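Survey of secondary and tertiary structure
Given next are the chains, with one letter for each unit.
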Amino acid sequence: MYFDEAVNKAKELGAIDTDGYYGCQCMDLYNWFVNNVYGIKDVGADCARNIIYNNNVKKNFKIVKNYGTYIPPKGAIAVWQGWQYGHVGIVLKASLMTFTCLEQNWNGHQYVEEITHNYWNGGPLYFLEPIDRSMIDYGFKVKVTCDALRYRSGPSTSYKINGVIRDKGIYTIVDVKNNWGKLKSGAGWICLDYTVRV
């Protein structure tokens, strides 16, 4: 599963409980995400604050302790070591002053949500960057299988038709909503029922 698809799927699920203990915790979302997007297993810990000590994490991620000019990349894992159990989230975007994560169980909210944070609360704060960036698949390629495939301004037939693909070519998809894929070019959305993944 590629990154944006996993973000959308997690939001669609609304809450993720991978182990059946204590409801939908931040660790559940983290484990689900790392397994499905990065393809890495056994990256857990007894609590979020201890993730950075996991040997499989050390082997597959560059561990960066937050510092003044650091900006984590999309796809990094934020690990807070403050509080009793710490916290963990998936970085969606960041700037020098704030970063936004996909997470659950922030302030007891046991559902998936996007939250924007500053860099100085809940510390110490670490970021895990995948050593192999190819493990984060931000898109995938499809080949058109029909003679004429309309691309639209949004992900359904109720959106305006922007144009037609007639070349049975290969295209990169960067986002998925139901059975619709967003073209990397920005031209619009195509119905993936008329494509095959390559």
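Refer to the structure presented above.
Attention here is on the structure that accompanies the text. Within each chain, residue numbers correspond to sequence positions counted from 1 in written order. Only residues with pLDDT of at least 70 get local features here, since the model is predicted, and only at 80 or more are side-chain atom pairs given and counted; chain-wide, interface and lining totals rely on the full set of residues. Based on all heavy atoms of the structure, the side-chain values leave hydrogens and waters out of the count.

**Quick notes on the nonpolar core**
Nonpolar side chains tend to gather and get buried jointly when the protein is soluble and globular. Put simply, the rule reads: The definition of a nonpolar core used throughout is a set of buried Ala, Val, Leu, Ile, Met, Phe, Trp, Tyr and Cys residues joined through side-chain atoms within 4.5 Å. Type-normalised accessible area, obtained with a 1.4 Å probe on protein chains alone, sets the label of each residue: buried when under 20%, exposed when over 50%, and partly exposed for intermediate values. Working definition: helices are DSSP H or I runs of at least four residues, strands are E runs of at least two. Numbering for both runs from the N terminus. Contacts were defined at the residue level, with two residues in contact if any of their heavy atoms lie within 4.5 Å.
Tyr 30, Phe 33, Tyr 38, Ile 51, Ile 77, Val 88 and Leu 102 are the most contacted members of the largest nonpolar core, which totals 30 residues. Broken down by secondary-structure element, the contributors of at least two residues to this core are helix 1 (3-13), helix 2 (26-38), strand 2 (77-80), strand 3 (87-94) and strand 6 (125-130). Ranked by the residues each element gives to this core, the list is headed by helix 2, at 9 residues. Not counting the four nearest positions on each side in its chain, Val 88 is found in contact with Cys 26, Met 27, Tyr 30, Ala 48, Ile 51, Ile 77, Ala 78, Val 79, Trp 80 and Glu 103. Val 142, Leu 149, Ile 165 and Ile 173 belong to the second largest nonpolar core, which has 13 residues in total.

**Concerning the pattern of salt bridges**
This is how it is decided: Whenever a carboxyl oxygen of Asp or Glu lies within 4 Å of a side-chain nitrogen of Lys or Arg, that contact is scored as a salt bridge.
Here the structure, examined in full by the defined rule, presents 4 salt bridges. A salt bridge links Lys 74 to Asp 4; its shortest N-O distance comes to 3.1 Å. Residue Lys 74 is found in the loop between strand 1 (61-65) and strand 2, and its partner Asp 4 is found in helix 1; the two are separated by 70 residues along the sequence. Glu 114 is the partner of Lys 11 in a salt bridge, and the nearest nitrogen-oxygen pair spans 2.4 Å. One end of the pair, Lys 11, is in helix 1; the other, Glu 114, is in strand 5 (residues 109-118), and 103 residues separate them in sequence. Judged by its relative accessible area of 39%, Lys 11 falls in the partly exposed class.

**Observations concerning the packing of aromatic side chains**
Inclusion rule: Only rings of Phe, Tyr and Trp enter the pairing, Trp through its six-membered ring, and a pair is recorded when the two centres are within 6.5 Å. The plane angle decides the type: under 30 degrees is stacked, over 60 is edge-to-face, the rest tilted. By definition here, charges over rings are those cases where NZ of Lys or CZ of Arg is within 6 Å of the ring centre and within 35 degrees of the ring normal.
In total, this model carries 13 aromatic pairs according to the counting rule given. Each ring, one from Phe 33 and one from Tyr 38, has its centre 6.3 Å from the other, and the planes form 55 degrees; the classification is tilted. Like Phe 33, the residue Tyr 38 is buried in the burial classification. Both rings, one in Phe 99 and one in Phe 127, keep their centres 5.3 Å apart while their planes meet at 80 degrees; by these two values the pair is edge-to-face. Residue Phe 99 is located in strand 4 (residues 98-106), and its partner Phe 127 is located in strand 6; the two are separated by 28 residues in the primary sequence. Among the aromatic side chains, those forming a connected cluster through ring pairs are Tyr 67, Tyr 70, Trp 80, Trp 83, Phe 99, Trp 106, Tyr 119 and Phe 127. Over the ring of Phe 140 we find Arg 197, and its NZ or CZ is 3.8 Å from the ring centre.

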